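# Coordinate inspection notes
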Amino acid sequence: MEAKRENGSILQFAPFQSSVDEGFWHRLSSLKLNKFRIDDSPIPITGFYAPCSHSQVSNHLTLVAESLPADEDEQSSVPAIASGNRNRCSVPGILYNTNTLEDFRALDKKSLLKQEAKKIWEDIQSGRAMEDSALLSRFLVISFADLKKWSFHYWFAFPALVLDPPATVVELKAASQWFTLDEAESVSKACNEWRSSNSTAGVPFFLVSIASDSRASIRHLKDWEACQGDGQKLLFGFYDPCHLPSNPGWPLRNLLALICSRWNLKSVDLFCYRESRGFADLGLSLVGKVLLHGSTRDHKDLPNAVGWELNKDRAVPRSITLAKSMDPTRLAISAADLNLKLMRWRALPSLDLDKLASTKCLLLGAGTLGCEVARRLMAWGVRKITLLDNGKVAMSNPLRQSLYTFDDCLNGGKYKALAAVTSLQTIFPAVEAEGVVMAIPMPGHPVTSQEVDGVIDDCTRLHNLIDSHDAVFLLTDTRESRWLPSLLCANANKITITAALGFDSFLVMRHGPGPLPNASKADAANALSDEMESLTLSNREQQRLGCYFCNDVVQPTDSTSNRTLDQQCTVTRPGLASNASSLAVELFVNMLHHPDGTFACVDSELALGILPHQIRGYLFDFSQMKLVGRSFDRCTACSSTVVKEYRERGLEFLLQAINHPTYLADLTGLTELTKSANSFDIDWDDEDDGDDDGFADI
């Protein structure tokens with residue numbers, strides 16, 4: 001029942017209602033992860049509403065994606081807030097987004113509401129609200145975004161200054177009944193022009209002036225004094241979001257506070273502007289006479305304020321969960337990125353997630369090491385992974401090789417490279433994985449004339465694969481299968497990581513850069529080769545880092561033939577592969593973030609830590625060593641002699657290296673070096689002649 005006063009009924013206002021578009025929560029989540037992080041400072045936002053446009057439905061104040069401030073990186077993707085849009089009037093708001101649900105619940109809502117009400121009151125007192133009337137509709141939102149569950153808790157407040165004593169309404173009826181026909185026609189025309197103009201469509205409070213000849217005009221609030229003419233009717237108008245026939249909308253409350261404060265009027269005529277199909281609807285709009293019983297003109301104290309939105313008639317916050325409505329793949333991407341972005345908040349602000357996501361990694365070998373490396377690369381945010389292997393999944397594989405299941409072993413087994421890709425995409429649908437089934441040509445494994453074309457194709461294909469990727473992991477289970485990739489990576493100066501297993505030991509290392517900077521600069525290559533070969537022992541520390549083969553004094557040979565059962569299988573302690581794979585990926589991530597990349601010095605220190613060359617681990621005594629191995633000028637894989645020979649002779653050189661067991665040793669000088677070492681004779685003198693100085697004669 002309406003409250004009654006001596007001079008009419010107390011004016012009742014229809015509460016403002018909120019609506020939040022799903023895009024707002026997605027953008028808030030993105031900004032929270034990438035920009036705001038743990039900063040819970042107030043965020044300026046923009047809300048939108050429009051006059052009521054339906055006789056049965058009120059309009060809401062709406063938040064959309066562009067309600068949030070645009071990030072510098074999003075300027076092109078987030079549309080700017082358009083001015084002069086007749087379909088929505090923009091009003092300023094503030095968002096308090098907390099870091100925890102407990103913080104959200106502990107917010108002092110009374111204080112926050114009073115703080116925003118004070119801003120409105122100060123805008124009224126200073127006259128700013130006369131210049132920009134949208135300030136009268138300031139609003140407030142508090143929220144908590146649970147980005148793990150994709151749920152959001154929020155609460156709107158629409159601060160309204162309370163008149164004491166309250167205003168009363170003497171008469172309130174449809175505008176079409178209040179105006180004469182001529183006035184109604186003129187008012188409709190003036191309103192439509194006001195709403196169609198880019199400069200005024202977004203001005204939600206205004207004056208309606210009707211001259212004695214029934215001609216109407218719409219003016220800004222600041223023009224009130226200019227409208228005080230003889231015989232003029234003057235109405236205070238506002239965009240009314242409410243559809244009710246007997247109640248004006250919530251924005252009127254602060255307009256009345258402004259009228260009392262600025263002009264000390266005792267009686268005002270109000271125009272609650274509403275529309276139908278985009279044009280003024282005077283049958284839906286309301287006009288009424290309101291009596292103002294108190295004056296705030298001489299009062300500087302802040303009036304009381306109300307305005308927290310009710311949720312189903314209860315003073316409680318709202319919540320929404322978007323997980324069920326989101327595409328599962330998008331949800332998986334968001335969840336995966338969340339952990340990485342959280343790392344940047346406090347520990348690793350320099351972490352380059354874009355670089356990780358765009359880096360193309362080639363994994364040579366899809367066995368125990370390949371499976372583990374692929375999983376850990378995905379955990380670091382690497383999204384482009386190619387696995388190369390020519391083997392099939394055997395019954396013994398699933399227990400140790402984490403990407404395979406029993407079903408992959410049936411009917412002769414699936415190809416590992418293809419089964420691994422399927423598994424990766426099952427684990428994380430957004431990964432861009434590719435499987436390549438092929439064997440790697442190896443020295444010491446001669447080929448027949450019938451096999452030459454196939455080997456040439458494999459060499460060419462591997463060359464192209466390495467060229468098209470940014471980083472290469474050597475994870476095969478034989479030494480000689482790493483030779484050709486090591487050569488091709490040295491030729492292309494690719495980031496190259498090797499992981500190799502023994503029974504209870506492992507090696508993880510990064511390869512140094514290739515000896516020749518550019519294949520097209522033969523003169524520079526020769527100069528560099530000559531320079532490296534002339535280095536003395538005193539400046540060896542300045543050499544480039546070595547590759548997997550730089551410690552060898554023999555060329556790689558066939559290690560797969562004539563082996564017993566225990567030699568045919570990779571016999572290692574089960575936990576070894578996980579340790580080695582983890583270190584390999586961590587070494588790669590460190591290397592990727594180093595400004596010098598492949599050319600980075602040993603133990604260069606970054607935000608992620610140091611950047612070693614080799615890590616050797618031993619489970620027997622649970623120890624680990626960091627070692628440095630410089631490049632060997634007679635290395636069969638990365639020396640300037642071998643790389644230069646490959647660049648000049650190409651596939652012909654590779655076939656010779658594959659078919660002739662001593663070719664690489666002869667080419668690099670290892671054969672001569674071995675002969676020289678074997679030519680030394682050591683004579684042991686067992687006689688004690690008194691002149692013995694304790695050293696053997698060589």
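Residues numbered from 1 in each chain as written. Predicted model: local features only at pLDDT ≥ 70, side-chain atom pairs only at ≥ 80, totals over all residues. Heavy atoms only, no water.

Before going further, it helps to examine the pattern of salt bridges. What the rule picks out here adds up to 19 salt bridges. Linking arginine 128 and aspartate 123 is a salt bridge whose minimum nitrogen-to-oxygen distance equals 3.0 Å. Connected through salt bridges with shared partners, the residues Asp123, Arg128 and Arg138 form a single ionic network. (Salt bridge = Lys/Arg side-chain N within 4 Å of Asp/Glu carboxyl O.)

So, about the packing of aromatic side chains. In this structure the tally under the stated criterion is 23 aromatic pairs. Relative to tyrosine 273, the ring of tyrosine 239 has its centre 6.0 Å away and its plane inclined at 50 degrees; by these criteria the two rings are tilted. Highlighted residues: tyrosine 239 in strand β12 (residues 233-239) and tyrosine 273 in strand β13 (residues 267-273), separated in sequence by 34 residues. The same class applies to tyrosine 239 as to tyrosine 273, namely buried. Joined through ring pairs, the aromatic side chains of Phe16, Phe24, Trp25, Tyr49, Phe139, Trp150, Phe152, Tyr154, Phe156 and Phe158 make up one cluster. Note that arginine 88 overlies the ring of phenylalanine 48, its terminal NZ or CZ placed 4.1 Å from the centroid. The ring of tryptophan 250 has arginine 253 lying over it, and the distance from NZ or CZ to the ring centre is 4.8 Å. (Phe/Tyr/Trp six-rings, centres within 6.5 Å; stacked < 30°, edge-to-face > 60°. Helix = DSSP H or I, 4+ residues; strand = E, 2+ residues; numbered from the N terminus. Buried < 20%, exposed > 50% of the residue type's maximum accessible area, 1.4 Å probe, protein only. Lys NZ or Arg CZ within 6 Å of the ring centre and 35° of its normal.)

At a minimum axis separation of 10 Å, helix α3 (residues 109-126) and helix α7 (residues 252-263) run at an interaxial angle of 40 degrees. Between α3 and α7, the angle falls in the class oblique. Read as a crossing pair, α3 and α7 show a hand that is right-handed. On α7, the residues touching Ile120, Trp121, Ile124 and Gln125 of α3 are Asn254, Ala257, Leu258, Ser261 and Arg262. Across the contact of α3 with α7, the residue classes break down as 5 nonpolar, 3 polar and 1 charged. (Axes fitted to C-alpha atoms, helices over the stretch in contact; angles between N-to-C directions. Parallel < 35°, antiparallel > 145°, perpendicular 65-115°, else oblique. Left-handed = near helix turned anticlockwise from the far one by under 90°. Contact = heavy atoms within 4.5 Å. Nonpolar A, V, L, I, M, F, W, Y, C, P; charged D, E, K, R; others polar.)

This brings us to the environment of arginine 479. Note that arginine 479 resides in the loop between β22 (471-474) and α13 (483-492). Taking the relative accessible area as the measure of exposure, arginine 479 reaches 33% and is therefore partly exposed. In this structure the C-alpha to C-alpha distance between arginine 479 and phenylalanine 549, which are 70 residues apart in sequence, comes to 9.0 Å. Of note is the side chain of arginine 479, whose polar atom sits 3.0 Å from the side chain of tyrosine 548. Reaching out from arginine 479, the side chain makes a polar contact with the side chain of aspartate 552 at a distance of 2.7 Å. (Polar contact = N/O pair within 3.5 Å; in protein donor to acceptor, adjacent residues only side chain to side chain.)

Attention shifts here to α7. For α7, with 12 residues, the first-to-last C-alpha span of 16 Å sits near the 16 Å given by 1.5 Å per residue. Within α7, 11 of the 12 residues are buried, which leaves it mostly tucked inside the rest of the structure. Where α7 terminates, the next one or two residues include asparagine 264, which has phi positive at roughly 55 degrees. (Expected span 1.5 Å × (residues − 1).)

A few words now on the pairing of strand β23 (residues 495-501). Side-chain positions along a regular strand alternate between the two faces of the sheet. For β23, a buried count of 6 out of 7 residues is recorded, marking the element as mostly surrounded by other parts of the structure. One ladder, built from 4 bridges, connects β22 with β23; its direction is parallel. Looking at the pairing, valine 472 lines up with threonine 496 of β23. The sheet contact formed by β23 and strand β24 (residues 505-510) spans 5 bridges and is antiparallel. The residue bridging leucine 501 from the neighbouring strand is phenylalanine 506, located in β24. Connecting the antiparallel pair β23 and β24 is a turn made up of 3 residues. (Pairing = 2+ DSSP bridges.)

Quick look at a negative patch on the surface now. Judged by side-chain charge, Asp39, Asp40, Glu102 and Asp103 come together as a negatively charged surface patch. Topologically, glutamate 102 is positioned in helix α2 (residues 101-106). (Patch = residues over 30% accessible without salt bridge, like charges linked within 9 Å, V, L, I, M, F, W, Y side chains within 5 Å. Areas by Shrake-Rupley, 256 points an atom, 1.4 Å probe, with all protein chains shown as cover. Lys, Arg positive; Asp, Glu negative; His and termini not counted. Charge placed at Lys NZ, Arg CZ, Asp CG, Glu CD.)

Here we take up the environment of methionine 509. Mapped onto the secondary structure, methionine 509 falls in strand β24. C-alpha of methionine 509 to C-alpha of proline 612: the two residues are 103 residues apart in sequence and 8.0 Å apart in space. If we skip the residues at most four places from it in the chain, methionine 509 touches Thr496, Ile497, Thr498, Gly546, Cys547, Tyr548, Leu587, His613 and Gln614.

Across the 5 residues of strand β20 (residues 384-388), 4 count as buried, placing the element largely inside the fold. Looking at chain direction, strand β19 (residues 360-364) and β20 are connected through 5 bridges and run parallel. Bridge pairing in β20 places leucine 364 opposite leucine 388. Taken together, β19, helix α10 (residues 368-379) and β20 constitute a β-α-β crossover, and its handedness is right-handed. One ladder, built from 5 bridges, connects β20 with strand β21 (residues 432-436); its direction is parallel. (Right-handed = clockwise from strand over helix to strand, strands pointing away.)

Our next topic: the sheet that holds strand β27 (residues 614-618). If you trace the 8 strands from one edge of the open sheet to the other, you get β21-β20-β19-β22-β23-β24-β27-β28, paired in mixed fashion. What marks the edges here is a single partner per strand, and that holds for β21 and β28 (623-627). Each neighbouring strand pair of the sheet contributes to a mean axis angle of 15 degrees, computed without reference to strand direction. Most of the contacts of helix α16 (residues 576-593) go to β24, to which it runs at about 15 degrees, and overall it touches β19, β22, β23, β24, β27 and β28.

Another aspect to go through is the nonpolar core. The biggest cluster of nonpolar side chains holds 89 residues, and the ones touching the most others in it are Phe179, Phe236, Leu256 and Phe271. By residue number, the principal contributor to this core is α7, which donates 8 residues. Val373, Ala433, Leu475 and Ala577 belong to the second largest nonpolar core, which has 52 residues in total. (Core = buried A, V, L, I, M, F, W, Y, C linked by side-chain atoms within 4.5 Å.)

In this section: the side chain of threonine 168. The residue threonine 168 is located in strand β9 (residues 168-174) in this model. Polar side-chain contacts of threonine 168 include one of 2.8 Å to the side chain of histidine 293.

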